[in-house]
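# Structural characterization, general
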Amino acid sequence: ILHATTKLMDQACLLSESLQKFLTSCSCSLLYFVVTLENNTEHAKKRNVLWESCVAFFTVLPRVLRMMLQSFQMSRLHLDELPVLSKLLCLLLQEGQLRAHMIANALLVQHIVQDITTMKSGEVREQWLTDLQYCFNIYLASQVTS
């Protein structure tokens, strides 16, 4: 769906609210699958194709990327989902094609990172949380304070 939509649309196209929500939901589900897909050579090609489709989609329709980021409300997440969300955010932050869009959403991403950090405070510090904070500091922290 995302690959076809990317080929058919451009940034000037206006989407209905319900279609944007549907595409946001598709993006979330697909990216969750990509991040949790078993890490072996058999799945690497599939994972790369899916990831590239999502990146191309967000490049063409950055408002869906923003809606997806907005959907990461901590009140809806369970603690066991935080490592997956953290890894996903790291991948999005590191993706060169999305850099400008992630910078445009820097305050939103900062809020998500702060919420994740708050939810994990007081517990043993996990490597995925350290990785997320590192990625945020490298790619976006200077944008938030600018």
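Let me sum up the structure you'll find in this document. (Residues numbered from 1 in each chain as written. Predicted model: local features only at pLDDT ≥ 70, side-chain atom pairs only at ≥ 80, totals over all residues. Heavy atoms only, no water.)

## Quick look at the overall build of the chain
Stated formally: The numbering of helices and of strands both runs from the N terminus, where a helix is a DSSP run of H or I of at least 4 residues and a strand a run of E of at least 2. For every residue, the accessible area (1.4 Å probe, protein chains only) is compared with the maximum for its type, and the residue is labelled buried under 20%, exposed over 50%, or partly exposed between those bounds. In this analysis, two residues are considered to be in contact whenever any of their non-hydrogen atoms come within 4.5 Å of each other. Calculation of accessible area relied on Shrake-Rupley with a 1.4 Å probe; when residues are assessed, cover is drawn exclusively from the protein chains displayed.
A count of helices and strands for the chain gives 9 helices and 0 strands. Counting from the amino terminus, the chain carries its helices and strands in the arrangement α-α-α-α-α-α-α-α-α. Here the chain holds 146 residues, and the buried ones make up 42% of them. In the chain, of all internal contacts separated by at least 6 residues, the share reaching a separation of at least 24 is 71%. For the chain, the accessible surface area stands at approximately 8300 Å², while carbon and sulfur atoms represent 56% of it.

## With respect to the nonpolar core
Counted only if it meets this: Residues enter a nonpolar core if they are buried and are Ala, Val, Leu, Ile, Met, Phe, Trp, Tyr or Cys, with the set joined through side-chain atoms within 4.5 Å.
Among the nonpolar cores identified, the biggest contains 42 residues, and F58, L69, L92, I112 and I116 are the most heavily contacted of them. In terms of residue count, helix α5 (residues 82-94) provides more of this core than any other element does, 8 residues in total. What I112 contacts, discounting residues up to four positions off in sequence, is L69, F72, M74, L85 and L89.

## Some words on the state of the cysteines
For the record, the criterion: Cysteine sulfur atoms that come within 2.5 Å of each other are treated as a disulfide pair.
Scanning the entire structure with this criterion turns up 0 disulfides. The thiol of C90 is unpaired, and the distance to the nearest cysteine sulfur, on C135, comes to 3.5 Å.

## Remarks on helix α7 (residues 106-119)
Put simply, the rule is: Here the expected span of a helix is defined as 1.5 Å times the quantity of residues minus one. Note: the arc covers the axis-to-C-beta directions of the helix.
The terminal C-alpha atoms of α7 lie 20 Å apart, and with 14 residues this matches the ideal 20 Å at 1.5 Å per residue to within 8%. Buried within α7 we find A106, L108, V109, I112, V113 and I116. The buried residues of α7 occupy an angular sector of 165° when projected down its axis, which confines them to one face. Away from the buried face of α7 by more than 90 degrees, exposed residues L107 and T118 are located.

## Topic: the packing of aromatic side chains
In plain terms, the rule: Stacked, edge-to-face and tilted labels apply to pairs of Phe, Tyr and Trp rings (six-membered ring for Trp) whose centres lie within 6.5 Å, assigned for plane angles under 30 degrees, over 60, and everything in between, in that order.
Per the stated rule, a full pass over the model turns up 1 aromatic pair. Measuring from centroid to centroid gives 5.9 Å for F57 and F58, while their planes differ by 55°, and the two rings are tilted.

## A look at the packing of α5 against helix α8 (residues 127-139)
Formally: Whenever a helix is involved, its axis is fitted only over the stretch in contact; in every case the axis is a line through C-alpha atoms, and angles between N-to-C directions fall within 0 to 180 degrees. Roughly parallel covers angles under 35 degrees, roughly antiparallel covers those over 145, roughly perpendicular covers 65 to 115, and oblique covers all other angles. The handedness criterion is simple: a crossing whose near helix is rotated anticlockwise from the far helix by less than a right angle is left-handed, and one whose near helix is rotated clockwise is right-handed.
Where α5 meets α8, the axes come as close as 9 Å, and the angle between the chain directions of the two elements is 25°. Taken together, the axis directions place α5 and α8 in an arrangement best described as roughly parallel. Pair α5 / α8 crosses with left-handed handedness. Contacts between α5 and α8 involve L82, P83, S86, L89, C90, L93 and Q94 from the former and W128, L129, D131, L132, C135, F136 and Y139 from the latter.

## Topic: the environment of V84
Here V84 lies in helix α5. A C-alpha to C-alpha distance of 7.1 Å links V84 and Y32, two positions 52 residues apart in sequence. Not counting the four nearest positions on each side in its chain, V84 is found in contact with Y32, V35 and T36.

## Considerations on the environment of I138
Here I138 is to be found in helix α8. The exposure class assigned to I138 is partly exposed, which follows from its relative accessible area of 47%. Sequence separation between I138 and Q94 is 44 residues, and the spatial gap between their C-alpha atoms is 9.3 Å.

## Structural notes on α5
When the terminal C-alpha atoms of α5 are compared, their 18 Å separation across 13 residues agrees well with the 18 Å that a helix rising 1.5 Å per residue should span. Among all positions in α5, only L82, V84, L85, S86, L88, L89, C90, L92 and L93 are buried. Next to the buried residues of α5 lie α2 (17-36), α3 (41-60), α4 (62-71), α6 (99-104), α7 and α8.

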